[in-house]
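# Survey of secondary and tertiary structure
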Amino acid sequence: MQPSLLQLRVIRPLAVDRTLLEIWVFRLKGAPDSFTSRAITAANIGNSPANIVAADDFEAYYRVHTGLRGPESDWVVLSREANRDIPLGSSLKGASGNSEVCMRNMYQAWGQYMSAR
């Protein structure tokens, strides 16, 4: 959720080398139409491959997928500060901003989704 942008971003792993990124703009009940119009414009600009920030994201996705196809990529190492993770329900919380816990949580969920039938 990105409430300040009136957006819901959905990242759907489809396969090891394929990810679908969806951006949903939502309308606040009672808000003027101009809010929704600006949200749609911002979503189109901010998530376009021509956007200077999004282009970096798409390049990163491409390079990760390319790297994972290589012969030496049996493991993705995301262990930074793993020894300091804090249990939080069914997932974990990082002890600092340097933790890769968000990626560990994402890969754990991704593995569960990809193995579900």
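Residues numbered from 1 in each chain as written. Predicted model: local features only at pLDDT ≥ 70, side-chain atom pairs only at ≥ 80, totals over all residues. Heavy atoms only, no water.

## Notes on the overall build of the protein
- Looking only at helices and strands, the protein has three helices and four strands in total.
- Along the chain direction, N to C, the helices and strands of the protein fall in the order β-β-α-α-β-β-α.
- Relative to its length of 117 residues, the protein is extended, with a C-alpha radius of gyration of 17 Å against a globular reference of 13 Å.
- If one aligns the C-alpha atoms of the protein with their principal axes, the spans along those axes are about 50 × 35 × 35 Å.
- Buried residues in the protein amount to 17% of all 117 residues. (Helix = DSSP H or I, 4+ residues; strand = E, 2+ residues; numbered from the N terminus. Rg over C-alpha atoms; globule rule 2.2 N^0.38 Å. Buried < 20%, exposed > 50% of the residue type's maximum accessible area, 1.4 Å probe, protein only.)

## Focus on helix 3 (residues 101–115)
- Taking 1.5 Å of rise per residue, 15 residues should cover 21 Å, and helix 3 covers 21 Å from first to last C-alpha, within 8% of that figure.
- Listing the buried residues of helix 3 in full gives Val101, Arg104 and Asn105. Angular distribution of buried residues about the axis of helix 3 spans 100 degrees; they occupy a single face of the element. What points out from helix 3, more than 90 degrees from its buried face, is the exposed set Cys102 and Tyr113.
- For helix 3, the elements touching its buried residues are strand 4 (91–93). (Expected span 1.5 Å × (residues − 1). Arc of directions from axis to C-beta. Contact = heavy atoms within 4.5 Å.)

## Concerning the pattern of salt bridges
- Evaluated as defined, the whole model comprises six salt bridges.
- The shortest N-O distance in the salt bridge between glutamate 59 and arginine 63 comes to 2.6 Å. Note that glutamate 59 and arginine 63 are positioned in helix 2 (residues 52–68) at a spacing of four residues, about one turn of the helix.
- For glutamate 59, a relative accessible area of 36% puts it in the partly exposed group.
- We classify arginine 63 as exposed; its relative accessible area is 59%.
- For aspartate 85, the salt bridge goes to arginine 104, with nearest N and O atoms at 2.6 Å. In this pair, aspartate 85 sits in the loop between helix 2 and strand 3 (86–88) while arginine 104 sits in helix 3, placing the two residues 19 residues apart along the sequence. (Salt bridge = Lys/Arg side-chain N within 4 Å of Asp/Glu carboxyl O.)

## Brief notes about the layout of surface pockets
- For the largest pocket, the calculated volume is near 660 Å³.
- For the lining of the largest pocket, the secondary structure elements donating two or more residues are strand 1 (7–15), strand 2 (18–25), helix 2 and helix 3.
- The class makeup of the residues in the lining of the largest pocket is 16 nonpolar, three polar and no charged.
- Residue contributions to the lining of the largest pocket reach at least three from each of two domains, namely domain 1 (7–68) and domain 2 (86–115). (1 Å grid on protein atoms, 1.4 Å probe; cavity = no way out; pocket = protein on both sides within 12 Å on 5 of 7 lines; lining within 4 Å. Points joined across faces, edges and corners; volume = space filled by probe spheres on them. Nonpolar A, V, L, I, M, F, W, Y, C, P; charged D, E, K, R; others polar. Domains from an automatic or database assignment.)

## Notes on the packing of aromatic side chains
- All chains considered together, the criterion is met by one aromatic pair.
- Relative to tryptophan 110, the ring of tyrosine 107 lies with its centre 6.3 Å away and its plane at 75 degrees, an arrangement referred to as edge-to-face. Note that tyrosine 107 and tryptophan 110 are positioned in helix 3 at a spacing of three residues, about one turn of the helix.
- On the accessibility criterion, tyrosine 107 (28% relative accessible area) is partly exposed. (Phe/Tyr/Trp six-rings, centres within 6.5 Å; stacked < 30°, edge-to-face > 60°.)

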